[in-house]
Amino acid sequence: MAEKKGARRKPRIVHAPTNIAGIAGLLARAQRDLGYDAESVQYVAHRYAFETDRTLNLGRGDNILKKAAGTGGFALEAIRQYDVFHLYFGNTLFPHPYPDLPVLRALGKKIVFHFCGCEVRNRAITLEKYALSGCSECVTKVCLGKRH
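The rules behind each value
Residues numbered from 1 in each chain as written. Predicted model: local features only at pLDDT ≥ 70, side-chain atom pairs only at ≥ 80, totals over all residues. Heavy atoms only, no water. Helix = DSSP H or I, 4+ residues; strand = E, 2+ residues; numbered from the N terminus. Expected span 1.5 Å × (residues − 1). Buried < 20%, exposed > 50% of the residue type's maximum accessible area, 1.4 Å probe, protein only. Polar contact = N/O pair within 3.5 Å; in protein donor to acceptor, adjacent residues only side chain to side chain. Pairing = 2+ DSSP bridges. Right-handed = clockwise from strand over helix to strand, strands pointing away. Contact = heavy atoms within 4.5 Å. Axes fitted to C-alpha atoms, helices over the stretch in contact; angles between N-to-C directions. Phe/Tyr/Trp six-rings, centres within 6.5 Å; stacked < 30°, edge-to-face > 60°. Lys NZ or Arg CZ within 6 Å of the ring centre and 35° of its normal.

**Description of helix α2 (residues 64–81)**
Compared with the 26 Å implied by 1.5 Å per residue over 18 residues, the 25 Å span of α2 between its first and last C-alpha is a close match. Listing the buried residues of α2 in full gives Thr71, Gly72, Phe74, Ala75, Ala78 and Ile79. If you check the start of α2, you find a side-chain oxygen 2.9 Å away from the backbone N of leucine 65, and it comes from asparagine 63.

Set out below in structure tokens:
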């Protein structure tokens, strides 16, 4: 079906690079139900196998060249394909220092950061202040590396 002249196309949306608690997959599916072109992409498969549209299978133990090729290839594809970048857990398409952000901005892409909790919470203060918290049960402590 061809678009009507002058009609505005709905933005194309990507949810990446992680799928924390399945949120990215659920939001992408809901956006598709509303008629948007939306896709959830995770770089690393999650052990709980939350629903996602695509996994790049860049495992934590993979060598740096495989990760760079997978990340770079996906980033180039995504920059051409998507208008909105919905990013999770304080990450972007590339690791710190996030060189893709100036490129996305320069190209007029919309950027949304979705924080899920532990990446913005101070673990030491939370453990001191609250007897029960996600920090007291955390085993990965991934949040400790999110302070840049």
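**Brief notes about the pairing of strand β1 (residues 12–16)**
In terms of burial, β1 is largely enclosed, as 4 of its 5 residues are buried. Bridging between β1 and strand β2 (residues 37–42) involves 4 bridges; their strand directions are parallel. Bridged to isoleucine 13 within β2 is alanine 38. Note that the unit made of β1, helix α1 (residues 23–33) and β2 has a crossover that is right-handed. As paired strands, β1 and strand β4 (residues 84–88) are joined by 4 bridges and run parallel to one another. Along β4, the bridge assignment pairs histidine 15 with histidine 86.

**Here we look at the sheet that holds β2**
Within the open sheet, the 5 strands sit side by side as β3-β2-β1-β4-β5. Their pairing is parallel. One side of each edge strand has no neighbouring strand; the edge strands of this open sheet are β3 (54–55) and β5 (110–114). Sheet contacts for α1: β1, β2, β4 and β5; angle to β2, the most-contacted strand, approximately 165°. Seen against the sheet, α2 touches β1, β2, β3 and β4 and runs at an angle of roughly 150° to β1.

**Some remarks on the packing of aromatic side chains**
Under the criterion given, the structure shown has 3 aromatic pairs. Where tyrosine 43 meets phenylalanine 74, the ring centres are 5.9 Å apart and the plane angle is 80°; that geometry is what we call edge-to-face. On the criterion of sequence distance, the pair formed by tyrosine 43 in the loop between β2 and β3 and phenylalanine 74 in helix α2 is long-range, its members being 31 residues apart. Like phenylalanine 74, tyrosine 43 is buried. Aromatic side chains phenylalanine 113 and phenylalanine 115 sit 6.1 Å apart centroid to centroid with 20° between the ring planes, which places their arrangement in the stacked category. Its end group placed over the ring of tyrosine 36, lysine 10 keeps NZ or CZ at 4.7 Å from the ring centre.

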